[in-house]
Amino acid sequence: MQRLHSDPSLLICPDFLTDTYQTSRASLVTPTITEEQAADLLRTVWVTTNNALRVQWQQQLIEDECLQAEQRHLAEEAAERVQQTLRLEEETTKADERKKNRSKHLPIPMRPRHYVELYYWTNLGIQDAHSTYHTRDDEGLLPTTTADGTTTWVTAAGAKPSSAVIADRNLSTVEFAQAVPQMISALEEYDWLVQRVSMLARFWGTVMLHRYWNSIDPIAQRAILIYQEEQRRAWHNAIPLPKGAWDISIIDDAALLRTYDRVFRDTRRQDLAVDRTVSLRAPLPNIALT
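One structure accompanies this document, and this report is about it. (Residues numbered from 1 in each chain as written. Predicted model: local features only at pLDDT ≥ 70, side-chain atom pairs only at ≥ 80, totals over all residues. Heavy atoms only, no water.)

**Focus: the packing of aromatic side chains**
Here the structure, examined in full by the defined rule, presents six aromatic pairs. When the centroid spacing of 6.5 Å and the interplanar angle of 45° are considered together, the rings of F203 and Y227 count as tilted. Of this pair, F203 sits in helix α6 (residues 194-209) while Y227 sits in helix α7 (residues 218-238), and the two are 24 residues apart along the sequence. In this structure F203 comes out as buried when scored by relative accessible area, which is 0%. The class of Y227 is buried, set by a relative accessible area of 1%. (Phe/Tyr/Trp six-rings, centres within 6.5 Å; stacked < 30°, edge-to-face > 60°. Helix = DSSP H or I, 4+ residues; strand = E, 2+ residues; numbered from the N terminus. Buried < 20%, exposed > 50% of the residue type's maximum accessible area, 1.4 Å probe, protein only.)

**Thoughts on the packing of helix α5 (residues 173-189) against α6**
Across the interface, α5 lies against α6 with an axial gap of 10 Å and an inter-helix angle of 170°. Classed by the angle they form, the pair α5 and α6 counts as roughly antiparallel. Facing F176, A177, V180, M183, I184, L187 and E188 of α5, the residues of α6 in contact are V197, L200, A201, W204 and M208. Looking at side-chain class alone, the contact of α5 with α6 contains 11 nonpolar, no polar and one charged residues. (Axes fitted to C-alpha atoms, helices over the stretch in contact; angles between N-to-C directions. Parallel < 35°, antiparallel > 145°, perpendicular 65-115°, else oblique. Contact = heavy atoms within 4.5 Å. Nonpolar A, V, L, I, M, F, W, Y, C, P; charged D, E, K, R; others polar.)

Shape descriptors only; they carry no functional weight alone.
Written as structure tokens, this is what we have:
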């Protein structure tokens, strides 16, 4: 069947009584058929033909839509296969790169939106990661969810926590300063949101410039380390909440002062407990009886 190139419903039936169709009428005129009857016959043939063409046109539209839908489906399948191939090649390249440069891919946990101790990025933590990295057992890959909800693959070793993690509050100021720049680099490498990485960087910079950090008072130094740990943990916990996390880079002086008072009281109680223990263990003086 010949393909139609226009909608036959848009055509208008001609007037077959005009001079243009005199030859067509003449071929139908007989002693029993007048010119008017011949024009009516031509009109009937035209309408019948046009109705059949309209049905053909509608069927042609349906077939075209089905063909286009099938072509779109095939194109989408082809695009998905290409994307799968690219993802597989990317993950294979990453896995090969991990094997070639194991020091860059140490088994340090990177849990999206979750708190991770700074210890992992201290010199001691990195040394611990090196010593616990077993190629034979841990070169397998495990799926993990990133910050934007997509799935990526990490080494099995990277999913294991360290067996001797030191809490942030128990780090020395030197260890803290070692860890911060290395953790910032790791966050950027793992494609954390730029705003959050910048906020954490400003937060740590503000902490290390605070007077408590440079104080000779050990209570003040411990207070700001505890403040950093508690604020960062709470900030991470707030990220998935509807209102999201606050700007952690702004020091909450009231919260820091409360932390200082708490550390001071805890230290005082410990000192009193030690004094009491020492006094109970001290020998009684010898008293001469007369």
